[in-house]
Amino acid sequence: MSVAPLSPPSRVSGMFAPARVQATVIQITTVVMFLVACATIDNFATASNISSILFAASTVGIAAVGLASVTISGNLFALSLGSTAAFSSIIFVMVSGWGVIPALLASILLGLVFGLLPGLVVGWLRCNAIISTIAAGSLIAGLATWVSDGRTVLAGGGPTWLGSGAILPGVPWQAVIFLIVVVLGEILMSRTRAGWELRLRGTNAAAAELAGLRVTRMVILSYVLAGAGAAIAGALIAAQSGTGNLRVGADLDFSAIAAMLVGGIAIGGGRGRIIDVAWGTLFLAVLTNILLVNNFAYEVQLMVKGLAVLVAVTAGALLARKKR
């Protein structure tokens, strides 16, 4: 008796496989929520409001993309993003007199250095990731206070084209940078050896080390990327306001974690794509904007965001259990 060969799973069934269903649901929900809001809320679909959504999504999303590399590698979170973003905003404003590009590059360099610090402690010395990044955040905040004397630093020319300019009506330059970061991050995580080693390290750290993978270097790389992402976010915020201070990025740690987990990055590591982070960021940005234009209080927005993260984490845990 002949046996018919098994057909490969279809693209649709793959989208709703246990490992991908959360990301797929978030993508569909984001699109539906946006279209319903456009049809039912006055002035929601205007260029200015869409630009506001993209401004909010870009800074958080860039930080979340960097953070995703840490989580995918199996090290939970980096809790020094807010401090890095604040210091970056101060450096951006201080260097902005030389031009936007040099100021942005100086900020990124700062982020790379402050990502390398916890990366070495966690990857090389094998210290606890959460405690190490909290300590790094405190150190960075102290240095930022010393450099700025605890004051708000003002840019000579005010907000720059990077902070307020648009490539098209409703599409700010910051959204273009966000798109570039997402594309580069997706290529790194999906198409390079480093990306696969990060993912395998997050799936099973002991097995990855026994297999001879570059575990330590990949952990350090993940924190360097997280630092760079936070620094870019801080620079973009400073470019919008023309100021740099210690309050920039005050809620960036939680916002980046929320966007990443809602998008479908597994908290235990090893699973998720950078494009999922982008969708999670857009989901929260659209949801927050809907609440904002309907005059919901800030505390309500926080509760809804917290609920979304709780649901995402619970769904991720249930799906992981089902996969096993």
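Structure shown above.
Our subject in this report is the structure included herewith. (Residues numbered from 1 in each chain as written. Predicted model: local features only at pLDDT ≥ 70, side-chain atom pairs only at ≥ 80, totals over all residues. Heavy atoms only, no water.)

### With respect to the packing of helix H4 (residues 81-95) against helix H5 (residues 100-124)
Working step 1: The geometry of H4 relative to H5 is characterised by a closest axis approach of 8 Å and an angle of 150° between their N-to-C directions. As judged from the angle between their axes, H4 and H5 are roughly antiparallel. The two elements H4 and H5 cross, and the hand of that crossing is right-handed. Residues Thr-84, Phe-87, Ser-88, Ile-91, Phe-92 and Val-95 of H4 form the contact with H5, whose participating residues are Val-100, Pro-102, Ala-103, Leu-104, Ala-106, Ser-107, Leu-110, Gly-111 and Phe-114.
Working step 2: For the contact of H4 with H5, a count of residues per class yields 11 nonpolar, 4 polar and no charged. (Axes fitted to C-alpha atoms, helices over the stretch in contact; angles between N-to-C directions. Helix = DSSP H or I, 4+ residues; strand = E, 2+ residues; numbered from the N terminus. Parallel < 35°, antiparallel > 145°, perpendicular 65-115°, else oblique. Left-handed = near helix turned anticlockwise from the far one by under 90°. Contact = heavy atoms within 4.5 Å. Nonpolar A, V, L, I, M, F, W, Y, C, P; charged D, E, K, R; others polar.)

### Notes on the side chain of Ser-80
Working step 1: Here Ser-80 lies in the loop between helix H3 (47-72) and H4.
Working step 2: When sequence neighbours within four positions are dropped, the list of residues in contact with Ser-80 reads Thr-133, Ala-136, Gly-137, Ile-140 and Asp-253.

### Some thoughts on H5
Working step 1: With 25 residues, H5 extends 35 Å from end C-alpha to end C-alpha; this agrees with the ideal 36 Å at 1.5 Å per step.
Working step 2: If you check which residues of H5 are buried, you get Val-100, Ala-103, Leu-104, Ser-107, Leu-110, Gly-111, Phe-114, Gly-115, Pro-118, Gly-119, Val-122 and Gly-123.
Working step 3: Buried positions along H5 lie against H4, helix H6 (129-148), helix H7 (161-164) and helix H11 (215-241).
Working step 4: One or two positions beyond H5, positive phi appears at Arg-126, with a value near 60°. (Expected span 1.5 Å × (residues − 1). Buried < 20%, exposed > 50% of the residue type's maximum accessible area, 1.4 Å probe, protein only.)

### A few points about the layout of surface pockets
Working step 1: What the largest pocket holds in volume is close to 650 Å³.
Working step 2: Lining the largest pocket are 24 residues, with Ala-56, Val-60, Asp-251, Thr-288 and Lys-305 sitting closest to its centre.
Working step 3: Where the lining of the largest pocket is concerned, the elements lending two or more residues are H3, H11, helix H12 (252-263), helix H13 (274-293) and helix H14 (298-323).
Working step 4: For the lining of the largest pocket, the class distribution of residues is 13 nonpolar, 9 polar and 2 charged. (1 Å grid on protein atoms, 1.4 Å probe; cavity = no way out; pocket = protein on both sides within 12 Å on 5 of 7 lines; lining within 4 Å. Points joined across faces, edges and corners; volume = space filled by probe spheres on them.)

### Let's talk about the nonpolar core
Working step 1: Counting 77 residues, the largest nonpolar core has Leu-67, Leu-81, Phe-92, Met-260, Val-262 and Phe-283 as its most contacted members.
Working step 2: Not counting residues up to four positions away in its chain, the partners in contact with Met-260 are Ala-64, Leu-67, Ala-68, Thr-71, Phe-77, Ile-265 and Val-277. (Core = buried A, V, L, I, M, F, W, Y, C linked by side-chain atoms within 4.5 Å.)

### Describing the side chain of Asn-245
Working step 1: One can find Asn-245 in the loop between strand E4 (243-244) and H12.
Working step 2: The class for Asn-245 is buried, based on a relative accessible area of 17%.
Working step 3: Of note is the side chain of Asn-245, whose polar atom sits 3.3 Å from the backbone nitrogen of Val-248. (Polar contact = N/O pair within 3.5 Å; in protein donor to acceptor, adjacent residues only side chain to side chain.)

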